[in-house]
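Spelled out from the first residue to the last, the chains are:
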Amino acid sequence: MDVFRITHKKWADKLTASGYAARWNSHGFNVIYTAQNRSLACLENLVHRNGFGLDSDYIILTISILKSIKLLEINAHELPSGWNLHDEKAHLLCRNFGDNWIKSQESCCLVVPSAIIENEKNILINPNHKDFEKIKLSLSQPFLFDTRLSI
């Protein structure tokens, strides 16, 4: 399975996680966020950057996850109401799921619902899992955000 990540070119030479808190992880928990397709990766960047920095040098990464790597999945109906809102309460709900997944080391990848587009999926990768070495960065290409997408 190929997944996609858009990142600034200074971070594009290898798969790394910042450790900063986000929807599915608390500060100090390293998670690499990817999307099931290029368009969702683009939308995730637009939403989180609020139109700032979209003129910078970006790269879209194609990341290959072998079929032999175990995936866990959380479906939207398994989550509490309001999980997809853009506020701290919603993020705390999701972080609980993500942090528990990271601590369990049950799988290297967690498939989660997109909070932006219903029925779309993001794939979280735990770089500290034993199977992480089987995940490969297979392609890096320049990525330009269409100027009409700026907020």
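Residues numbered from 1 in each chain as written. Predicted model: local features only at pLDDT ≥ 70, side-chain atom pairs only at ≥ 80, totals over all residues. Heavy atoms only, no water.

1. Section: the overall build of the protein chain
Helix and strand content of the protein chain: two helices and seven strands. In the protein chain, the order of α-helices and β-strands from amino to carboxyl end is β-β-α-β-β-α-β-β-β. Dimensions of the protein chain, computed from C-alpha atoms along their principal axes, come out at roughly 40 × 35 × 30 Å. For the protein chain, with 151 residues in total, the buried portion stands at 42%. Excluding contacts between residues fewer than 6 apart, the proportion of contacts in the protein chain whose partners are at least 24 apart in sequence is 75%. Surface summary for the protein chain: the accessible area is close to 8,600 Å², and the carbon and sulfur share equals 53%. Taken together, the 17 basic and 16 acidic charged side chains of the protein chain have centroids lying 4 Å from each other. (Helix = DSSP H or I, 4+ residues; strand = E, 2+ residues; numbered from the N terminus. Buried < 20%, exposed > 50% of the residue type's maximum accessible area, 1.4 Å probe, protein only. Contact = heavy atoms within 4.5 Å. Areas by Shrake-Rupley, 256 points an atom, 1.4 Å probe, with all protein chains shown as cover. Lys, Arg positive; Asp, Glu negative; His and termini not counted. Charge placed at Lys NZ, Arg CZ, Asp CG, Glu CD.)

2. Overview of helix α2 (residues 88-104)
Taking 1.5 Å per residue, 17 residues should reach 24 Å; α2 reaches 24 Å between its end C-alpha atoms and fits that length. Residues of α2 that are buried: Ala90, His91, Cys94, Arg95, Gly98, Asp99, Trp101 and Ile102. Directly after α2, the chain includes Gln105, whose backbone phi takes a positive value near 55°. (Expected span 1.5 Å × (residues − 1).)

3. Description of the pattern of salt bridges
Taken as a whole, this structure holds six salt bridges when the rule is applied. Across the salt bridge formed by Glu73 and Lys121, the nearest N and O atoms sit 3.0 Å from each other. Here Glu73, found in strand β4 (residues 71-73), pairs with Lys121, found in strand β6 (residues 121-125); they are 48 residues apart in sequence, far enough to count as distant. Relative accessible area serves as the criterion here: at 42%, Glu73 is assigned to the partly exposed category. In this structure, Lys130 engages Asp131 in a salt bridge whose closest nitrogen and oxygen atoms are separated by 3.8 Å. The exposed category is assigned to Lys130, whose relative accessible area is 63%. (Salt bridge = Lys/Arg side-chain N within 4 Å of Asp/Glu carboxyl O.)

4. A word on the side chain of His129
Positionally, His129 belongs in the loop between β6 and β7 (136-143). Using a relative accessible area of 7% as the deciding quantity, one classes His129 as buried. At a separation of 3.1 Å, a polar atom in the side chain of His129 contacts the main-chain carbonyl oxygen of Gln105. Polar side-chain contacts of His129 include one of 3.0 Å to the backbone nitrogen of Asp131. Among residues more than four places away in sequence, those in contact with His129 are Gln105, Glu106, Ser107 and Cys108. (Polar contact = N/O pair within 3.5 Å; in protein donor to acceptor, adjacent residues only side chain to side chain.)

5. Thoughts on the pairing of strand β5 (residues 109-113)
Among the five residues in β5, five count as buried, and that is most of the element. Pairing of β4 with β5, which is carried by three bridges, proceeds in the parallel orientation. Counted as the bridge partner of Leu72 is Leu110 from β5. Between β4 and its parallel partner β5, the chain crosses via α2, and the hand of that crossover is right-handed. (Pairing = 2+ DSSP bridges. Right-handed = clockwise from strand over helix to strand, strands pointing away.)

6. Structural notes on the nonpolar core
With 16 residues, the main nonpolar core has Ile65, Cys109, Ile125 and Ile135 as its most contacted residues. Contributing elements (two or more residues each) for this core: β3 (58-64), β5 and β6. The greatest single-element share of this core, amounting to three residues, is contributed by β3. Sequence-distant contacts of Ile125, that is, excluding residues within four places in its chain, are made with Asn30, Val31, Ile32, Thr34, Ile63, Ile65, Trp101, Cys108, Cys109, Phe132 and Ile135. (Core = buried A, V, L, I, M, F, W, Y, C linked by side-chain atoms within 4.5 Å.)

Purely geometric stuff here, so don't read any function into it on its own.
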